[in-house]
Amino acid sequence: MSPEAWQITGFTLGVATLSTVVILPFGVALAWLLARRPWVGKPLVETLVALPLVMPPVATGLLLLKLLGRRGAIGGWIEHTFGWEIVFTWRGVVIATAVMSFPLLVRSARVAFEQVNPRLEQVARTLGAGPVRVWWTITLPLARRGLVAGALLAFARALGEFGATIMVAGYIPGRTATLALSIYHEVQLGHDTEAFALLGVSVAIAFGAVWASEWFLRRSNA
Amino acid sequence: MKVELTGLRLAQATFSLEVDTGLSGRVTAVFGASGSGKTTLLELIAGLRRPTAGCVQVGGTVLTDVAARIFVRPERRSIGYVPQDGALFPHLSVRQNLIFGCNDRVAAPSGLTFGHVVEVLEIASLVDSGVQTLSGGEQQRVALGRALLAAPRLLLLDEPLAGLDAPLRERLLPYLARVRDEFQVPMVYVTHSPDEVMALCDDVLVLANGRVTYRGAPSGVFVPSATPRFVQR
């Protein structure tokens, strides 16, 4: 592989890892709330979370572009407060991939929590464990394989994200070029050899992530 | 240990639980058909559910009082609860299950030590096993030991023998009698088996469609014989 291909692969793995780490605490917390607690507005939040799964990724990207741009409600505030630019930077790539993979994490984590028998949590309460101890010693360990599988699925989704990323971050070699964006770019230029080399890397990484996710799910259902 | 249930109300899908009584036996049976409200009543005492009205007092301490907005959380009630399936934590070993509720800051009442409980329930050989390897009877004994080691002031047993076959039930009954006699922890014992009531209990509460239809000595509703029969008088 060329040095550029290595750089693109490293960058893609880095942003996919970072976006998964960023969404993990929020996704797990939201999944637990959806699985275990009745609350006002739950159906609305469920629908909003699922939207990136069904909307065209480019449309989600356009929405993010408007929100995260210098004149956007969120982007303007972030730039003013922290001095960080989002659009057309690696941060834009992380946010776009995070938004697109968030629903997959929440869905998997929610199923994982729903499969934990509530009776076990109730018995733990009668044995003197408060809600926090029950969460750490009963709920989380019993749901862990489903949670890891969900995180791997989100990571795999982040690896292949294209539509939202191209809108928010564009294709800037060395700055925002991920595997998916680079494959598209190389094909556009007629560089089939480079495109297929990146395709091979994408397939290998995605296969590994999805295989690991399925393995964890099979273990959790055993 | 007196358990006072005053004006306790909770609507369910198929019945409305309405209980106004006291339980004072060493082992009080809660007897009734499926869907009569037995498990719901235990869950209200344990604090796993909140009633819509009424008061729960155990040993003079108010644990639930809807009118006064008092609700003591389950982890602060010191009430042990053993559900029908035992509900052992599958990711923990037998030993870890047993010590889950042990509280080092509170001195265990005499007799309720790990060694003694394990000895009485004859589970010493199982403590280093995983719970997945246990038979149904062993799981129930471990669940009972786990609840006892949390040093409860009251123990709630929800049909602990219901899922087991008849020979195994007969083998386990003496363990329950030993727990009753050895540890002096008052028990509320949900069952629909007259045999178990006659063998273990000195007080019985009969529930039908969420209402108490009898409370008193087991001899008041069971005809003693080799196979005791329930006779509602």
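Residues numbered from 1 in each chain as written. Chains lettered and ligands numbered in written order. Predicted model: local features only at pLDDT ≥ 70, side-chain atom pairs only at ≥ 80, totals over all residues. Heavy atoms only, no water.

J.: It is not clear to me how the overall build of chain A should be interpreted in this structure. Could you clarify?
T.: A tally of regular secondary structure across chain A gives 10 helices and zero strands. Along chain A, helices (α) and strands (β) appear in the sequence α-α-α-α-α-α-α-α-α-α when read from the amino end. Across its three principal axes, chain A shows a C-alpha extent of roughly 65 × 40 × 30 Å. Accessible surface, chain A: about 11300 Å² in total, of which carbon and sulfur atoms supply 70%. (Helix = DSSP H or I, 4+ residues; strand = E, 2+ residues; numbered from the N terminus. Areas by Shrake-Rupley, 256 points an atom, 1.4 Å probe, with all protein chains shown as cover.)

J.: Explain the packing of aromatic side chains to me, please; I cannot follow it from the model alone.
T.: The description of an aromatic ring pair uses the distance of the two centres, along with the angle that the planes make with each other. According to the stated counting rule, one finds eight aromatic pairs over all chains in the structure shown. Between the aromatic rings of A:Trp32 and A:Trp135, the centroid separation amounts to 6.0 Å while the plane-to-plane angle is 80°, which identifies the pairing as edge-to-face. In this pair, A:Trp32 is assigned in helix α1 (residues 3-36) and A:Trp135 in helix α7 (residues 131-159), connecting sequence segments 103 residues apart. Centre to centre, the rings of A:Trp77 and A:Phe82 are 5.7 Å apart; their planes meet at 85°, and the pair counts as edge-to-face. An aromatic cluster of three or more residues is present, and its members are A:Trp32, A:Phe113, A:Trp135 and A:Trp136. In this structure, A:Arg133 is placed above the aromatic ring of B:Phe100, and the distance from its NZ or CZ to the ring centre is 4.0 Å. (Phe/Tyr/Trp six-rings, centres within 6.5 Å; stacked < 30°, edge-to-face > 60°. Lys NZ or Arg CZ within 6 Å of the ring centre and 35° of its normal.)

J.: How should the packing of helix α3 (residues 57-68) of chain A against helix α4 (residues 73-82) of chain A be read in this particular structure?
T.: Geometry of a packed helix pair, given as the angle between the helix axes and the separation of the axes. All names here are of chain A. α4 packs onto α3 with a crossing angle of 40° between their chain directions and a minimal axis gap of 4 Å. If you check the angle between α3 and α4, you find them oblique. Touching Lys66, Leu67 and Leu68 of α3 are Ala73, Ile74 and Gly75, all from α4. Its residues assigned to classes, the contact of α3 with α4 comprises four nonpolar, one polar and one charged. (Axes fitted to C-alpha atoms, helices over the stretch in contact; angles between N-to-C directions. Parallel < 35°, antiparallel > 145°, perpendicular 65-115°, else oblique. Contact = heavy atoms within 4.5 Å. Nonpolar A, V, L, I, M, F, W, Y, C, P; charged D, E, K, R; others polar.)

J.: Looking at this structure, I do not really get α7(A). What am I missing?
T.: Turn by turn, an α-helix covers 3.6 residues, leaving residues three or four places apart pointing in a common direction. Counted at 1.5 Å a residue, the expected span for α7(A) with its 29 residues is 42 Å, but the 36 Å between its end C-alpha atoms falls short. A:Arg144 marks where α7(A) bends most, by close to 55°. (Expected span 1.5 Å × (residues − 1). Bend = angle between axes of the 7 residues up to and from the residue.)

J.: Help me understand the pattern of salt bridges in this model?
T.: Side-chain pairing between opposite charges can occur once the charged atoms of the two side chains come close. Tallied over the entire structure, the rule returns 19 salt bridges over all chains. We note a salt bridge from B:Arg211 to B:Glu18, for which the minimum N-O separation is 3.3 Å. Of this pair, B:Arg211 sits in strand β11 (residues 211-216) while B:Glu18 sits in strand β2 (residues 16-23), placing them 193 residues apart in sequence. What makes B:Arg211 partly exposed here is its relative accessible area of 40%. By relative accessible area, which is 28% here, B:Glu18 ends up partly exposed. Residues joined in a network through salt bridges with shared partners are A:Glu46, A:Arg110 and A:Glu114. (Salt bridge = Lys/Arg side-chain N within 4 Å of Asp/Glu carboxyl O. Buried < 20%, exposed > 50% of the residue type's maximum accessible area, 1.4 Å probe, protein only.)

J.: I tried to follow a nonpolar patch on the surface on my own but got confused; where do I start?
T.: Residues and elements named next belong to chain A. On the surface, Phe196, Leu199, Val203, Phe207, Trp211 and Trp215 cluster together into a nonpolar patch covering about 670 Å² of accessible area. You can see Leu199 is positioned in helix α10 (residues 192-221). Of the residues examined, Leu199 reaches a relative accessible area of 36% and is grouped as partly exposed. (Patch = residues over 30% accessible without salt bridge, like charges linked within 9 Å, V, L, I, M, F, W, Y side chains within 5 Å.)

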